[in-house]
Amino acid sequence: VAAWLVLLSAMDMGTAKANEDFARANSLQTSLAFVLSGDAQIDQTSELGLKGLNRILRERTAAELGPPQAVNPGVDDLSFFPLLYWPIVPGYRLPNDLTAQRVIQYLRSGGTVLFDTRDRSGGAGLPALRELAVNLDLPPLVPVPRDHVLTRSFYLLDDMPGRWTGDGVWIEKAGERVNDGVASVISGSHDWAAAWAEDETQRPLYPVVPGGERQREIAYRFGVNLVMYTLTGNYKADQV
């Protein structure tokens, strides 16, 4: 019994040290984060996509963000991150109620999540997204209005493509749980991370369809608008 108590105590101390290190690292600079999907390729694409977006932000804006972080919502403190990119994997389910509670608290405290079913039409990942919507008590979503601040927080946009285009982008309905003018939930199926992802020589990793490199440029611009929207709150709405 004594040996088990020592082992459990050591495990608790190790967890506390890991949490302390995570908090220290992410409190020193603002970073974007992506939710781990359990699929190694998808998680790598999410990381490389956010790294590519970070580069664009450095080159075109005053935003200097830290390296993107992989997070497990059931374990990691989400409050450090203004924006979570959440790729939806068909069949994905929240592991437990505690995870749901932590995500709900994050959304209600001012965080924003971009849900991405990544499948052009939203068909394959839609059941998993619907289940998430119920478990996370997500607010009603509406198509992004043409005059929404997200369409003009940095660039003027008529479309918000990623690797794919043609389907709609949805956002929390104004007047629901919007924090400082920023919606807590944005959703689509355009596989944005794949459009942003690049290798160490800054070469794109995935083709974009059907618009080629012009579509990729618009995808970058959407990413810039999204980050500026989440960082500046209703400041940009006032400017508009």
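Up top is the structure.
The rules behind the values
- Residues numbered from 1 in each chain as written.
- Predicted model: local features only at pLDDT ≥ 70, side-chain atom pairs only at ≥ 80, totals over all residues.
- Heavy atoms only, no water.
- Core = buried A, V, L, I, M, F, W, Y, C linked by side-chain atoms within 4.5 Å.
- Buried < 20%, exposed > 50% of the residue type's maximum accessible area, 1.4 Å probe, protein only.
- Helix = DSSP H or I, 4+ residues; strand = E, 2+ residues; numbered from the N terminus.
- Contact = heavy atoms within 4.5 Å.
- Expected span 1.5 Å × (residues − 1).
- Polar contact = N/O pair within 3.5 Å; in protein donor to acceptor, adjacent residues only side chain to side chain.
- Arc of directions from axis to C-beta.

Caption draft 1: Quick peek at the nonpolar core. Judged by nonpolar contacts, the single largest core of 35 residues is most densely connected at Leu114, Leu150, Ile186, Trp196, Phe222 and Tyr229. Mapped onto this core, the elements with two or more residues apiece are β1 (31–35), α2 (40–60), β3 (83–87), α5 (192–196) and α6 (212–232). With sequence-adjacent residues up to four places away left out, Leu150 is seen in contact with Met160, Ile171, Ile186, Phe222, Asn225, Leu226 and Tyr229. If you look at the next biggest cluster of nonpolar residues, it comprises 25 residues, including Val35, Leu84, Leu136 and Leu138.

Caption draft 2: Region of interest: α2. Between its terminal C-alpha atoms α2 stretches 30 Å, which fits the 30 Å expected from 21 residues at 1.5 Å a residue. Those residues of α2 that sit buried are Ile42, Asp43, Thr45, Ser46, Gly49, Leu50, Gly52, Leu53, Asn54, Arg55, Ile56 and Leu57. Tucked into the core, α2 has its buried residues touching β1, β2 (66–71), β3, α5 and α6. For α2, the capping residue at the N-terminal end is Asp39, with a side-chain oxygen 3.0 Å from the backbone nitrogen of Gln41.

Caption draft 3: Representation of helix α4 (residues 126–135) within the structure. Of all the positions in α4, only Ala128, Leu129 and Leu132 are classed as buried. Along α4, the residues classed as buried sweep out an arc of 100° about the axis, all on the same side. Exposed residues pointing more than 90 degrees away from the buried face of α4 are listed as Pro127, Arg130 and Val134. Those residues of α4 that are buried are in contact with β3, β4 (112–116) and β7 (185–188).

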